[in-house]
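Coordinate analysis (summary)
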Amino acid sequence: ITAGRTTSIRVNPPSAQVSVNARPWADITLDGASVGQTPVANLPVPIGSHEVIFRHPQLGEIRETVVITANGPNRIAVELTQ
């Protein structure tokens, strides 16, 4: 760090684990990135607010906004119905 100059630093938020499930199964997208198919266990995610999309080819999709906390446990579950 030099006096009179601007210095950029990157701060990575701490992560916590989250488990995601759906009945029946669903493809999961977390903040726009594909995570895989349910069930997903112990996925490391930065703490804070996130958008989770559950997609099933016959049952459509459900969007959820979740807040991941450092204290946990962090679990997300949905039921997809027609």
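Residues numbered from 1 in each chain as written. Predicted model: local features only at pLDDT ≥ 70, side-chain atom pairs only at ≥ 80, totals over all residues. Heavy atoms only, no water.

Glancing now at unusual backbone geometry. What is expected of a backbone is that most residues other than glycine have negative phi and most peptide bonds are trans. In the segment running from Arg 23 into Pro 24, the intervening peptide bond is cis, with an omega of -15°. Along the chain, Pro 24 turns up in the loop between β1 (15-23) and β2 (27-30). Although it is not a glycine, Asn 42 adopts a positive phi angle of roughly 55°. For Asn 42, a relative accessible area of 46% puts it in the partly exposed group. (Helix = DSSP H or I, 4+ residues; strand = E, 2+ residues; numbered from the N terminus. Buried < 20%, exposed > 50% of the residue type's maximum accessible area, 1.4 Å probe, protein only.)

So, about the pairing of β1. Here β1 shows a buried face lined by Ala 16, Val 18, Val 20 and Ala 22 and an unburied face lined by Ser 15, Gln 17, Ser 19, Asn 21 and Arg 23. Pairing geometry for β1 and strand β4 (residues 40-46), over five bridges, is antiparallel. Its bridge partner lying in β4, Ala 16 is registered against Val 45. In terms of strand pairing, β1 meets strand β7 (residues 74-79) through six bridges, oriented parallel. Residue pairing for β7: Asn 21 is matched across the bridge by Ala 77. (Pairing = 2+ DSSP bridges.)

Relative to strand β5 (residues 48-56), β2 is paired through four bridges, and the arrangement is antiparallel. Among the inter-strand pairings, Ile 28 is bridged to a residue of β5, identified as Phe 54. Pairing of β5 with strand β6 (residues 60-68), which is carried by nine bridges, proceeds in the antiparallel orientation. From the neighbouring strand, Gly 48 faces β6, where its bridge partner is Ile 68. Counted between consecutive antiparallel strands, the loop separating β5 from β6 contains three residues.

Here the focus is the side chain of Asn 74. Following the sequence through the fold, Asn 74 ends up in strand β7. Among the polar contacts listed, one links the side chain of Asn 74 to the backbone oxygen of Thr 69, at a separation of 2.9 Å. Excluding residues within four positions of it along the chain, Asn 74 makes contact with Ala 16, Gln 17, Val 18, Ser 19, Val 67, Ile 68 and Thr 69. (Polar contact = N/O pair within 3.5 Å; in protein donor to acceptor, adjacent residues only side chain to side chain. Contact = heavy atoms within 4.5 Å.)

None of this, on its own, says anything about what the molecule does.
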